[in-house]
Each structure stands twice: as structure tokens, then as C-alpha cells.
Amino acid sequence: MSNLLFETVKAASRISDGCVVCFSGGKDSIVTLDLCARYFKRIHVVFMYTVPGLSFQEANLRWYEAKYGIEIERIPHFQLSDFLRYGTFRKYDFDVPIVSILDVYKYLRASTGMYWIAAGERIADSIVRRAMIKNSGSIDDKRGRIYPVAHWNKQEVMRYIAHHRLKLAPEMSVIGHSFRSLEPEELTAVKKHYPRDFEKIVEWFPLAEAAVKKYELCHEENSPAKV
């Protein structure tokens, strides 16, 4: 693995001895966390949930807390405010204020005293991210952002995880990525493989069950007829 891949985190660690790490449990955030743990003297790790206390997410968080001897802060995902206010799979509630990602960053900086925030965005993720990182660089002074794996490809990310024996989020084996939305496909997978967690989701989003039923019906209709 080329040493050039480590230049971003090395340079960032010379600018500051501490940073906040946004951790989702996905492959890119796993490598980001490990790099920051190795190169920064201080890290504060934060996990943003859609529904608190899901067992598969908690198992992963506890594994990384034990590995690095840290406590990962759990906070609501900023998108949760949209779900609650505008009624995603539940009754709307216009008393819920909209929270932006900038609000989250402001909170994290105020509560930790750290300016720099590291996350796992990669240029290869999308055209939008490519343009964003190309414009700002992998160390964005203006926005206080660090992208340690900005120039990594998927194969390099997976090789790093395997080499350092890091743990992928359990749900990646059934969803293909970390649980991150209320898309019917993801909800259906959670219901099938983690039924008790699905019950927790339904407590927050009662109509999620209907979304799963609709998804299942559509896929039954589109599946090849059994002989």
C-alpha cells in the first residue's frame, strides 16, 4: 500500500493534536477512525443514529470502544429531524426543528473544544464528492474538515481493514453497507435478520411495517414464476 495514502492524516496531525471522528460503522469510517487513532493524540468519536439502541449497531460500537479504549458518543442523526417533522413513516410534527449538519458540527466543536472533524468521504464515492474534495483538498481549512481516505479506492480500504483485522458492521453482510436510511429495502433486511431491532424502529416509525409489506409485494410480483 502506497505511503502517499497516509499523507492526509499525517499532515492533519501536524496541524492539530486532536480531532472529532464521525463514525458510521461503514468501511470508510472504519479506516478513518483507525488512521485518526494512530496519528492523533486525542480523538472524540461520534456516532449518529436514526433509531437509538439497535443491537447490531451497538455491538459494533462496543467492539471499537474496547479496541481503542474510548467512549463513542451517540447523538441523533441530523436527518432524523426531517423524518420527525415531515412524517416519514409516521405522523408529521411541525414542532420539531430542522437540524442541519452544520448544527451538528457546531455542537461537536463547542462540546469538545476541537475544530477539526474527520470523516470517510472519498473522491470515488460520487461526482458531488469528487467536486467537493477537488475544490477544498483533503484538508479543508475553511470548513475544518479532514478526509483521510479521500484518495483511497475501495480495494485499498478493504485491504487495510483485512490487514489490521478491523471489524465491519454486522449489517453489511445483509444490506451491503451500514444501516443509514429508512429505505424499504434496508428496513426489509433489518426485519428479516434483526426482528427485535425492527420492532424498535416501528416504535419510532409505525408505518415502516407498511413500507416493508409493499416492498415485499412488489418483489413477489416481479419475481420469476415458480414452476
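Anything mentioned here points back to the structure above.
Within each chain, residues carry numbers counting from 1 in the order of the written sequence. For this predicted model, a pLDDT threshold of at least 70 governs which residues receive local features, and a threshold of 80 or more governs which side-chain atom pairs are given and counted, while totals over whole chains, interfaces and linings are taken from all residues. Excluding hydrogens and water, the side-chain figures rest on all heavy atoms present in the structure.

Trainee: Even after reading the chapter, I still don't get empty space enclosed by the protein, so can you show me in this structure?
Mentor: To locate leftover empty space, one rolls a probe as large as a water molecule over the atoms. Cavity means a closed set of points on a 1 Å grid over the protein atoms alone, one where a 1.4 Å probe fits but cannot get out, pocket means an open set with protein on both sides within 12 Å along at least 5 of 7 lines, and lining means a residue has an atom within 4 Å of a point. Grid points are joined across faces, edges and corners, and a volume is the space filled by probe spheres set on the points. According to the stated counting rule, one finds one cavity of 30 Å³ or more in the structure shown. By volume, the largest cavity amounts to about 40 Å³. At four residues, helix 3 (residues 55-68) tops the list of elements feeding residues into the lining of the largest cavity. Of the residues that constitute the lining of the largest cavity, the class distribution is five nonpolar, four polar and one charged. Labels follow the DSSP assignment, with helices taken as runs of H or I lasting at least four residues and strands as runs of E lasting at least two, numbered in each case from the N terminus. Polar here means any residue outside two lists: the nonpolar Ala, Val, Leu, Ile, Met, Phe, Trp, Tyr, Cys and Pro, and the charged Asp, Glu, Lys and Arg; Gly therefore counts as polar.

Trainee: What is the right way to look at the sheet that holds strand 1 (residues 18-22) in this model?
Mentor: In sheet architecture, strand pairing relies on hydrogen bonds along the backbone and comes in two forms, parallel and antiparallel. Pairing between strands is defined by DSSP: at least two bridges between the two strands are required. As summarised here, the arrangement of the six strands in space is 3-2-1-4-6-5, forming an open sheet in which the pairing is mixed. Looking at strand neighbours, the two that pair on one side only are strand 3 (73-76) and strand 5 (139-140), the edges of this open sheet. Note: strand 4 (residues 117-118) against strand 6 (residues 145-146), two bridges, orientation parallel. If you follow Ala 118 over to strand 6, its bridge partner there is Ile 146.

Trainee: Any chance you could explain the nonpolar core here in plain terms?
Mentor: Here is a general trend for soluble globular proteins: nonpolar side chains tend to be buried in one another's company. By nonpolar core is meant a set of buried Ala, Val, Leu, Ile, Met, Phe, Trp, Tyr and Cys residues that side-chain atoms within 4.5 Å join together. A simple rule labels every residue: compare its accessible area, found with a 1.4 Å probe on the protein chains alone, to the largest value its type can have, and call it buried under 20%, exposed over 50%, or partly exposed in between. Core analysis: the biggest nonpolar cluster contains 30 residues, and Cys 19, Phe 23, Val 31, Leu 35, Tyr 64 and Trp 152 have the highest contact counts within it. Counting residues per element, this core draws most heavily on helix 2 (residues 27-39), which supplies five residues. Two residues form a contact once any of their heavy atoms are found within 4.5 Å. Setting aside residues up to four positions removed in sequence, Leu 35 forms contacts with Phe 6, Val 9, Pro 148, Val 149, Trp 152 and Tyr 160. Grouped together as the second largest cluster of nonpolar side chains are 19 residues, Val 51, Phe 179, Leu 182 and Ala 189 included.

Trainee: Which parts of the structure should I look at to understand the packing of aromatic side chains?
Mentor: In this description, an aromatic ring pair is defined by two values, namely the gap between the centres and the angle between the planes. Put simply, two rings from Phe, Tyr or Trp (the six-membered ring, in Trp's case) pair if the centres are within 6.5 Å, and we call them stacked under 30 degrees between planes, edge-to-face over 60, tilted for the rest. A complete count under the given rule lists twelve aromatic pairs for this structure. Ring centres of Phe 56 and Phe 179 lie 6.0 Å apart, and the angle between their planes is 85 degrees; on these two criteria the pair is classed as edge-to-face. In this pair, Phe 56 is assigned in helix 3 and Phe 179 in the loop between helix 8 (172-175) and helix 9 (184-193), connecting sequence segments 123 residues apart. Phe 56 gets classed as buried once you look at its relative accessible area, which sits at 3%. Joined through ring pairs, the aromatic side chains of Phe 23, Trp 63, Tyr 64 and Tyr 68 make up one cluster.

Trainee: How should a nonpolar patch on the surface be read in this particular structure?
Mentor: In this scheme, patches are assembled from residues that exceed 30% relative accessible area and form no salt bridge. Like charges are connected within 9 Å, while nonpolar side chains (Val, Leu, Ile, Met, Phe, Trp, Tyr) are connected within 5 Å. Shrake-Rupley sampling with a 1.4 Å probe provides the accessible areas, and residues are treated as covered by the protein chains on show and by no other component. In what follows, salt bridge is the name for a side-chain nitrogen of Lys or Arg lying within 4 Å of a carboxyl oxygen of Asp or Glu. A cluster of nonpolar side chains, Tyr 86, Tyr 92, Phe 94 and Ile 98, forms an exposed patch at the surface whose accessible area comes to about 440 Å². Take Tyr 92: it is sitting in the loop between helix 4 (79-86) and helix 5 (101-112).

Trainee: What am I meant to see in the pairing of strand 1 here?
Mentor: Side chains on a regular strand alternate between the two faces of the sheet. A large share of strand 1 lies buried, amounting to five of its five residues. With the strands aimed away from the viewer, a crossover counts as right-handed if its path from the first strand over the helix to the second runs clockwise. Considered for its hand, the β-α-β crossover made up of strand 1, helix 2 and strand 2 (residues 42-49) is right-handed. Judged from the two bridges that link them, strand 1 and strand 4 form a sheet pairing that is parallel. Across the sheet, the residue bridging to Val 20 is Ile 117, located in strand 4.

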